[in-house]
Amino acid sequence: MSIIFPERMVIGTRASPLALAQAEETRARLVAATGLSPDALPLLPLTTTGDKIQDRALSEAGGKGLFTKELDAALMAGSADLTVHSAKDLPTELPEGRLVAGYLPREDVRDVFISRRADSLMSLPAGAVVGSASLRRQAQILRARPDLKVALLRGNVATRLARLDEGRVDATLLALAGLKRLGKADVATAILETDDFLPAVGQGAIALVARAGDSAVLAAAAAIACRDTGIALAAERAFLRALDGSCRTPIAGHATVHGESLRFRGLVLSPDGSRSVAVAREGGLGDAEALGEDAGRAVIAEAGLDLLRG
């Protein structure tokens, strides 16, 4: 039976430079896989609530859904047919009528350290200020260096680098995947290995979301989806879901496919990094979701709900 793709498909995206780069990558892959012309795959850039909030942490304003609400609404209104997201921005449960249609091949999951004052996190002087909007990054920074200070640093990549150049902070941490997609990987002072600094669930992965039942759009997304990324994200998101994780809890998780085996590592921390619970699991590819859920339950059993609630 032949696969039927839509004749035209509007791609919804956040309007930030990184989001647009991710949407452009999605469009290029769809052109190659479906034979559609770029003109048949127009982009619909939207400014989300999360983009508008710059004066406080998202954990204080409502969590991850702030980056997806307007895109979800566009899907259900029919003004967008497929939406493109950084997978780490997706809430653990999508609104009714929407589903993850696939993930693009994953980029490098590591974080990078960027500073004009030191060549590594460990060589920063005591009392130095590291800017970040991520509670996960802040907690891991303080776990490694409790003598440092962390400060809220919001905005897109260019804004954060400008704040660094202005001397408002001594260092910052960013995702290497985003820098690569923007052609800015050379700004990294040092790359933080995952053995020392575990990434966010979904980091480096681009998620495609569509309306449930929209078979033509789902077929187009499936044509560019990466199997291994989907398996890894199934475990990572199950871990997050088991912990009822959100922007309000420092949670890290990373799964990798090795042949027919899946390896997962998870970490939950207190906001100040003084307490942490780590977990590791390995299993078959078909057990990805169950493996992530089991890892999450193990963390709860060891840590208790008080750690999860900060």
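Refer to the structure presented above.
J.: Tell me about the nonpolar core, and please be specific about residues and values.
T.: Grouped together as the largest cluster of nonpolar side chains are 22 residues, with contacts concentrated most on Phe239, Leu243, Leu262, Phe264, Val268 and Val299. For this core, the secondary-structure elements that each account for two or more residues are α8 (227-242), β11 (251-258), β12 (261-269), β13 (276-284), α9 (288-303) and α10 (305-308). Those residues in contact with Val299 that lie beyond four places of it in its chain are Phe239, Leu243, Val268, Val277, Val279 and Gly304. The next biggest cluster of nonpolar side chains, apart from the first, holds 17 residues, and it includes Ile11, Leu30, Leu82 and Ala221.

J.: Can you tell me about empty space enclosed by the protein, naming the residues and giving the values?
T.: Overall, the coordinates contain one cavity of 30 Å³ or more when judged by the stated rule. Taken as a whole, the largest cavity encloses approximately 40 Å³ of empty space. In terms of lining, the largest cavity is formed by Arg14, Ala19, Gln22, Leu71, Val84, His85, Ser86 and Asp89. Only α1 (17-34) and β3 (82-86) provide two or more residues apiece to the lining of the largest cavity. By residue number, the principal contributor to the lining of the largest cavity is β3, which donates three residues. Looking at the lining of the largest cavity, its residues break down into three nonpolar, three polar and two charged.

J.: Which residues make up the packing of α1 against helix α7 (residues 215-224), and what values do they have?
T.: In the contact formed by α1 and α7, the axes pass within 9 Å of each other and the chain directions differ by 100°. The orientation of α1 with respect to α7, classified from their angle, is roughly perpendicular. Residues Thr26, Arg29, Leu30, Ala33 and Thr34 of α1 pack against Ala220, Ala223 and Ile224 of α7. Class assignment for the residues of the contact of α1 with α7 results in five nonpolar, two polar and one charged.

J.: Kindly report on the sheet that holds β3, identifying the contributing residues and their values.
T.: The five strands are arranged β2-β1-β3-β10-β4 in an open sheet whose pairing can be described as mixed. Edge positions in the sheet fall to β2 (43-46) and β4 (98-103), since each has one partner strand and no second. Each strand axis lies, on average, 30° off the axis of its neighbour in the sheet, ignoring direction. The sheet contacts of helix α3 (residues 69-77) involve β1 (11-14), β2, β3, β4 and β10 (206-211), and relative to β3 the element is tilted by about 165°.

Criteria and cut-off values
- Residues numbered from 1 in each chain as written.
- Predicted model: local features only at pLDDT ≥ 70, side-chain atom pairs only at ≥ 80, totals over all residues.
- Heavy atoms only, no water.
- Core = buried A, V, L, I, M, F, W, Y, C linked by side-chain atoms within 4.5 Å.
- Buried < 20%, exposed > 50% of the residue type's maximum accessible area, 1.4 Å probe, protein only.
- Helix = DSSP H or I, 4+ residues; strand = E, 2+ residues; numbered from the N terminus.
- Contact = heavy atoms within 4.5 Å.
- 1 Å grid on protein atoms, 1.4 Å probe; cavity = no way out; pocket = protein on both sides within 12 Å on 5 of 7 lines; lining within 4 Å.
- Points joined across faces, edges and corners; volume = space filled by probe spheres on them.
- Nonpolar A, V, L, I, M, F, W, Y, C, P; charged D, E, K, R; others polar.
- Axes fitted to C-alpha atoms, helices over the stretch in contact; angles between N-to-C directions.
- Parallel < 35°, antiparallel > 145°, perpendicular 65-115°, else oblique.
- Pairing = 2+ DSSP bridges.

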